[in-house]
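# A look at the structure
Residues per chain, in single letters:
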Amino acid sequence: MRVQVKGLHKSYWMDRVEVPVLNGVDLLIEPGELVSITGASGVGKSTFLHVLGTLDIPSRGTVLYDGEDIFGQSPAAISAFRNRNIGFVFQFHHLLPEFTALENVMMPARVARLPDRRARDDARAILDLVGLTHRVTHRPGELSGGEQQRVALARALVLRPRLLLADEPTGNLDEHTGGAIHDLLFRLNEEMHVTAIVVTHNTSLAARLPRRLSMHGGLVDTDSAGPLGREVPPPP
Ligand SMILES: Nc1ncnc2c1ncn2[C@@H]1O[C@H](COP(=O)(O)OP(=O)(O)O)[C@@H](O)[C@H]1O
Ligand SMILES: [Mg+2]
């Protein structure tokens, strides 16, 4: 999915005092790109991902998804768009503790009211893809931190979203396990042609992603490469 951000502002209001966070972000992300975002704590990385994920609305400016102005639509249309097109992974996996890995990954399909058989088959397939074939009946408490994040990734991707947003997905993992999750993100981005934006404060992990952005003063700095003239995977 192509994501085009133009003059994006986002402020929070606290006791009628404006807290500006995003101050006019301009950014173009091409379909299939894998992008990292780094920046100091409090700079607005999560706020930016929330708006990109339509979990929050811009104060000013536009975000176009394949040219479409989703924020101009009704709240119901916005959530339908989000459910169909966007997958999220957070620092903490937010898996349901009483359900197995397979059941957790089946959850989005159940919410979307897909047939049970289809939900199960898709969940198994994506758990295979993240290397957890042998762990499908484990509950989150019976998995390692890295495995839990793999399940969270599988759950984010099971409905084949076109945009994957990850907010410090390795923030809770040691360097080695975090590296393995980044390798997996790399592979899934290639195999599934999903556009992926990964917030991380681990600069050595970020350095391995093909396009790196950083945030300062409520803006996304232009990366040296820029979105044009670089090879990106073709859309599916
Ligand atoms: N719901 C909110 N209400 C008021 N201020 C907020 C809210 N969420 C975040 N902020 C403020 O916005 C700034 C950016 O936060 P955040 O996007 O979480 O930064 P980051 O993810 O880069 O650490 C911070 O100063 C934070 O305190
Ligand atoms: Mg954050």
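Residues numbered from 1 in each chain as written. Chains lettered and ligands numbered in written order. Predicted model: local features only at pLDDT ≥ 70, side-chain atom pairs only at ≥ 80, totals over all residues. Heavy atoms only, no water.

### Considering the packing of aromatic side chains
Let me state the cut-off plainly: Aromatic rings from Phe, Tyr and Trp, with only the six-membered ring used for Trp, were paired whenever their centres fell within 6.5 Å, and each pair was classed as stacked if the ring planes differed by under 30 degrees, edge-to-face if by over 60, and tilted otherwise. Residue exposure (1.4 Å probe, protein chains only): buried if accessible area is under 20% of the type maximum, exposed if over 50%, otherwise partly exposed.
This structure, assessed with the given rule, holds 3 aromatic pairs. A ring pair is formed by Tyr65 and Phe71, whose centres lie 6.4 Å apart and whose planes are at 55°; its orientation type is tilted. For Phe71, a relative accessible area of 16% gives the class buried. Ring centres 5.9 Å apart and planes at 5° place the aromatic pair Phe88 and Phe90 in the stacked group. Look at Phe90 and you get partly exposed, because its relative accessible area is 29%.

### Quick look at the site of ligand 1
For clarity, the cut-off: Any residue with at least one heavy atom within 4 Å of a molecule or strand is counted as near it. Residues adjacent in sequence count toward polar contacts only when both atoms are side-chain atoms; beyond that, a polar contact is any pair of N or O atoms within 3.5 Å, and within protein one must be able to donate a hydrogen and the other to accept it. In these tables, accessible area is a Shrake-Rupley quantity obtained with a 1.4 Å probe, and a residue counts as shielded only by the protein chains included in the view. The helix count covers DSSP runs of H or I at least four residues long, the strand count covers runs of E at least two residues long, and both are numbered beginning at the N terminus. Under this grouping Gly is polar, as are all residues other than the nonpolar Ala, Val, Leu, Ile, Met, Phe, Trp, Tyr, Cys and Pro and the charged Asp, Glu, Lys and Arg.
Around ligand 1 sit Tyr12, Met14, Val21, Ala40, Ser41, Gly42, Val43, Gly44, Lys45, Ser46 and Thr47, and those are all the residues in its vicinity. A distance of 3.3 Å is found between an oxygen atom of ligand 1 and a backbone nitrogen or oxygen belonging to Val43. Thr47 has a polar side-chain atom sitting 2.5 Å from an oxygen atom of ligand 1. Relative to its free-state accessible area of 560 Å², ligand 1 is covered by the protein chains to the extent of 60%. Those elements that provide at least two residues to the shell around ligand 1 are β1 (3-14) and α1 (45-52). A total of 3 residues in the shell around ligand 1 trace back to one element, the largest contributor, which is α1. Taken together, the residues that form the shell around ligand 1 break down as 5 nonpolar, 5 polar and 1 charged.

### Some thoughts on the nonpolar core
As a reminder of what qualifies: By convention a nonpolar core is built from buried Ala, Val, Leu, Ile, Met, Phe, Trp, Tyr and Cys residues, the set being connected through side-chain atoms within 4.5 Å. Two residues form a contact once any of their heavy atoms are found within 4.5 Å.
Counting 35 residues, the largest nonpolar core has Val105, Leu127, Val151, Leu153, Leu157 and Leu164 as the members making the most contacts within it. At the level of secondary structure, the elements contributing two or more residues to this core comprise α3 (101-111), α4 (116-129), α5 (145-157), β6 (163-167), α6 (175-192) and β7 (195-199). If one sorts the elements of this core by residue count, α5 sits on top with 6 residues. Leu157 has contacts with Ile126, Leu164, Leu188, Met192 and Val194, leaving out every residue within four places of it along the chain. The next biggest cluster of nonpolar side chains, apart from the first, holds 30 residues, and it includes Tyr65, Phe71, Ile197 and Met215.

### Some points on the layout of surface pockets
Note the cut-off: Cavity and pocket criteria rest on a 1 Å grid covering protein atoms alone: a 1.4 Å probe that fits but cannot get out defines a cavity, protein on both sides within 12 Å along at least 5 of 7 lines defines an open pocket, and an atom within 4 Å of a point defines a lining residue. Grid points are joined across faces, edges and corners, and a volume is the space filled by probe spheres set on the points.
Reported here for the largest pocket is a volume of approximately 500 Å³. In this structure, the largest pocket is lined by 18 residues; those nearest its centre are Asn83, Ile86, Phe88, Pro108 and Arg155. Of all the secondary-structure elements, those providing two or more residues to the lining of the largest pocket are α2 (75-85), β5 (86-89), α3 and α5. A per-class count over the lining of the largest pocket returns 12 nonpolar, 3 polar and 3 charged.

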